[in-house]
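# Examination of the molecular architecture
Residue strings, one per chain:
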Amino acid sequence: DPAKPPGPLKYNGTKLVYDRAHPWKPLGRDDIRGPCPGLNTLASHGMVTLTAKSWNWVSRAWPLTTITDLSNIEQYLPRDGVATPAQIITAVQEGFNMQNNLARFVTYAAHIVDGNLVTDLVSIGGKTRETGPDPGAPAIVGGLNTHAVFEGDASMTRADFAFGDNHSLNTTLFNQFIDYSNRFGGGFYNLTVAQELRWQRIQESIATNPTFDFTSPRFFTAYAESTFPISFFVDGRNPVRALSIANATLFFKDSKFPVDFWRPAAPSGAEGIAEVFSAHPIAPGKNANGINSYTPDPTSADFSTFCLLYTNFVTRTVGGLYPNPKGVLKRNLIINLGYLYDAIDTSGCTELFPYGTL
Ligand code: HEM
Ligand code: MG
């Protein structure tokens, strides 16, 4: 059975998260990383593996870095980049203090379209055999790199899918991220920078990407993700919500916590999303006929129709991938769609049961 969604943190204040139990390590040969700098960082800080402690004859002491009791330590993410939804929720809460409902909503949305619903595993990057046997087309099970089901255009630091690589850090775009932080934030990524850079990326995609698509769910995730570096990558002891270029570089480029990094002081989410949107509002839409042909799509959800985000996602996106599931696959779709709805059950949306109930 798919693991139950973890609840909120018991202790939900700030604490050191780059600790001795979660050392950063460079990528191993088969380790997978993808379009999300938050999840990439959690995987590169996977838990220490317990090794027998051995007397160090040089320093004549038990080695300081040896941890013998892992029972109270949470894994962030497995270093190979393949995880269960429950592991992802635990990791984003432990490591970044992401608010429980948001963590559940984003994680199940990603898992349902990008993960293997039979093995309960999802890749945080590209497609891999490590998630188990495929259910067959039209399902993709392609990991978070998969374009248009969750990952989308006009990312801040990743190129649009039409240009080839939608998941690796793009140096030109990261230089633009730094340039905007210098011009609009005095050397820091803050809400003003988020507003201007989000708009710049949309304008760039309209002008250069003939297949630019900025409809739901991308419309929502783009604005939310613009706030995440402020919410999550700034040390929890810092009252000024501004991210230095040095620390942005560690997270985005090296998937690495800054030395002595403490997570946010309270459960956090997309604070400031309304300000990012209203600085330069635009309707959801796409380039309908090549570059510079941006056309609003009235069937897409926007910020005034949140439940339509859920409805379109379930009926169009998930329905397109799983038109006629059977057996365990169908059962797990029902369970995971239930977990997805549970994450937004306070928003007054009507729950949908496209595959019936258990
Ligand atoms: C982008 C997944 C949590 C920070 C993305 C993208 C995906 C994703 C698929 C690519 C979207 C795109 O730009 O096209 C997830 C999932 C999460 C999660 C499933 C589970 C809760 C987090 C957390 C953080 C974070 C906790 C911060 C600590 C970001 C940022 C981007 C992003 C900043 C935008 C990158 C850019 O525009 O260049 N995420 N994410 N995410 N994620 Fe996550
Ligand atoms: Mg993208």
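The shown structure was predicted, so the numbers you read here are calculated from the model rather than taken from an experiment. The residue numbering used here restarts from 1 in each chain and proceeds along that chain's sequence as written. For naming, the first written chain is A and the first written ligand is 1, with later ones following in the order written. Whole-chain, interface and lining totals are the exception, using all residues; otherwise, since this is a predicted model, local features are given only for residues with pLDDT of at least 70 and side-chain atom pairs are given and counted only at 80 or more. Only hydrogens and water are set aside; all other atoms, that is, all heavy atoms of the structure, feed into the side-chain values.

## Notes on the site of ligand 1
- Any residue with a heavy atom positioned within 4 Å of a molecule or strand is treated as near that molecule or strand. With respect to spatial proximity, 26 residues lie near ligand 1, and among them Cys 36, Gly 152, Ser 155, Met 156 and Thr 157 are the closest.
- Polar contacts here mean pairs of N or O atoms no more than 3.5 Å apart (in protein, one a potential hydrogen donor and the other a potential acceptor; neighbouring residues in sequence count only if both atoms are side-chain atoms). In the model, an oxygen atom of ligand 1 is placed 3.1 Å from a nitrogen or oxygen of the Glu 151 side chain.
- Separating an oxygen atom of ligand 1 from a backbone N or O atom of Met 156 is a distance of 2.7 Å.
- Contributing elements (two or more residues each) for the shell around ligand 1: α1 (37–44), α2 (85–96), α3 (100–114) and α6 (218–232).
- In this count, Pro and Cys sit with the nonpolar residues alongside Ala, Val, Leu, Ile, Met, Phe, Trp and Tyr, while Asp, Glu, Lys and Arg are called charged and the others, Gly among them, polar. Tallied by class, residues from the shell around ligand 1 come to 17 nonpolar, five polar and four charged. For the purposes of this entry, the term helix denotes a DSSP run of H or I that reaches at least four residues, the term strand denotes a run of E that reaches at least two, and both are numbered from the N terminus.

## Quick word on helix α9 (residues 306–321)
- For α9, spanning 16 residues, the distance from its first C-alpha to its last is 22 Å, which sits close to the expected 22 Å at 1.5 Å a residue.
- Along α9, the sharpest kink reaches roughly 35 degrees, centred on Phe 313.
- Only heavy atoms matter for contacts: two residues are in contact if any of them lie within 4.5 Å across the pair. If you follow the buried residues of α9, they end up packed against α3, α6 and α10 (327–342). A helix is expected to reach a length of 1.5 Å times the quantity of its residues less one. Two axes enter the definition of the bend at a residue: one is fitted to the seven residues ending there, the other to the seven starting there, and the bend is the angle between them.

## Here we look at the coordination of the magnesium ion (ligand 2)
- The donor definition counts N, O and S atoms within 2.8 Å of each metal and applies 3.2 Å to Na, K and Ca; water is not among these atoms, so some sites may look incomplete. All of the protein donors around the magnesium ion (ligand 2) are Glu 151 (OE), Gly 152 (O) and Ser 155 (OG); their distances to the metal are 2.0 to 2.1 Å.
- The sequence pattern formed by the donor residues of the magnesium ion (ligand 2) is E-G-x2-S.
- Only protein chains enter the accessibility calculation, which uses a 1.4 Å probe. A residue is then buried if its area is under 20% of the maximum for its type, exposed if over 50%, and partly exposed in between. A relative accessible area of 6% means that Glu 151 is categorised as buried.
- Classification of Gly 152 by relative accessible area gives buried; the value is 5%.

## Examining the nonpolar core
- Only buried residues count toward a nonpolar core, which is a set of Ala, Val, Leu, Ile, Met, Phe, Trp, Tyr and Cys residues joined through side-chain atoms within 4.5 Å. Formed by 80 residues in total, the largest nonpolar core has its most connected members in Leu 42, Tyr 189, Phe 214, Tyr 322 and Leu 340.
- Setting aside its immediate chain neighbours within four residues, Leu 340 contacts Phe 105, Tyr 108, Ala 109, Ile 112, Tyr 310, Phe 313 and Val 314.

## Quick notes on unusual backbone geometry
- Across the junction of Ala 137 and Pro 138, the peptide omega takes the value 0 degrees, indicating a cis bond.
- Assignment of secondary structure puts Pro 138 in the loop between β2 (122–123) and α4 (171–185).
- Cis rather than trans, the peptide bond between Ser 216 and Pro 217 has omega equal to 5 degrees.

## Digging into the packing of aromatic side chains
- Pairing of aromatic rings covers Phe, Tyr and Trp, the last counted by its six-membered ring, and requires centre-to-centre distances within 6.5 Å; plane angles under 30 degrees mean stacked, over 60 mean edge-to-face, and any other angle means tilted. Across all of its chains, the model carries 33 aromatic pairs by this definition.
- Considering the side-chain rings of Tyr 180 and Phe 184, the 5.3 Å spacing of their centres and the 40 degrees angle between planes classify their relative orientation as tilted. Taken together, the residues Tyr 180 and Phe 184, both in helix α4 and four residues apart, mark about one turn of the helix.
- Using a relative accessible area of 31% as the deciding quantity, one classes Phe 184 as partly exposed.
- Measuring from centroid to centroid gives 5.5 Å for Phe 257 and Phe 261, while their planes differ by 15 degrees, and the two rings are stacked. In this structure, Phe 257 and Phe 261 share a single accessibility class: buried.
- In this structure, Arg 183 is placed above the aromatic ring of Tyr 180, and the distance from its NZ or CZ to the ring centre is 4.9 Å.
- A ring has a charge above it when a Lys NZ or an Arg CZ is no more than 6 Å from the ring centre and no more than 35 degrees off the ring normal. Positioned above the aromatic ring of Trp 24, the side-chain terminus of Lys 256 is 4.4 Å from the ring centre.

## Observations regarding the packing of α2 against α3
- Axis angles are defined between N-to-C directions and span 0 to 180 degrees, where every axis is a line fitted to C-alpha atoms and, for a helix, only to the segment in contact. Taken N-terminus to C-terminus, the directions of α2 and α3 make an angle of 145 degrees; their axes are 9 Å apart at the nearest point. Once α2 is placed against α3, the crossing between them reads as right-handed. Between α2 and α3, the residues in contact are Pro 85, Ile 88, Ile 89, Val 92 and Gln 93 and Asn 100, Ala 103, Arg 104, Thr 107, Tyr 108 and His 111, respectively.
- Of the residues assigned to the contact of α2 with α3, the class counts are six nonpolar, four polar and one charged. Take the far helix as the reference: if the near one is turned anticlockwise from it by less than a right angle, the crossing is left-handed, and if turned clockwise, right-handed.

## So, the sheet that holds strand β6 (residues 285–287)
- Taken together, the three strands give an open sheet; going across it, the order is β4-β6-β7, and neighbouring strands pair in antiparallel fashion. Of all strands in the sheet, those with a lone pairing partner are β4 (213–214) and β7 (294–296), marking the two edges.
- The sheet contact formed by β4 and β6 spans two bridges and is antiparallel. Across the sheet, the residue bridging to Phe 214 is Gly 285, located in β6. The pairing criterion is simple: DSSP has to find at least two bridges between the two strands.

## Quick look at a nonpolar patch on the surface
- Every patch collects residues that have over 30% relative accessible area and no salt bridge, joining them within 9 Å if they carry like charges and within 5 Å if they are nonpolar side chains (Val, Leu, Ile, Met, Phe, Trp, Tyr). Surface accessibility in these figures is a Shrake-Rupley result with a 1.4 Å probe; residues are shielded only by whichever protein chains are displayed. The rule for a salt bridge is simple: a side-chain nitrogen of Lys or Arg has to be within 4 Å of a carboxyl oxygen of Asp or Glu. Among the surface-exposed residues, Trp 55, Trp 57 and Trp 62 lie close enough to one another that they form a single nonpolar patch of about 430 Å² accessible area.
- For Trp 62, the location among the structural elements is in the loop between α1 and β1 (82–83).

## Notes on the packing of α3 against α10
- Two numbers describe how α3 lies on α10: the axes approach to 8 Å, and their chain directions differ by 150 degrees. Judged by the angle between their axes, α3 and α10 are roughly antiparallel. Note on packing geometry: the crossing formed by α3 with α10 is left-handed. Across from Asn 101, Arg 104, Phe 105, Tyr 108, Ala 109, His 111 and Ile 112 in α3, the residues of α10 making contact are Leu 333, Asn 336, Leu 337, Tyr 339, Leu 340 and Asp 342.
- Counted by class, the contact of α3 with α10 contains eight nonpolar, three polar and two charged residues. Here roughly perpendicular refers to angles of 65 to 115 degrees, roughly parallel to angles under 35, roughly antiparallel to angles over 145, and oblique to all remaining angles.

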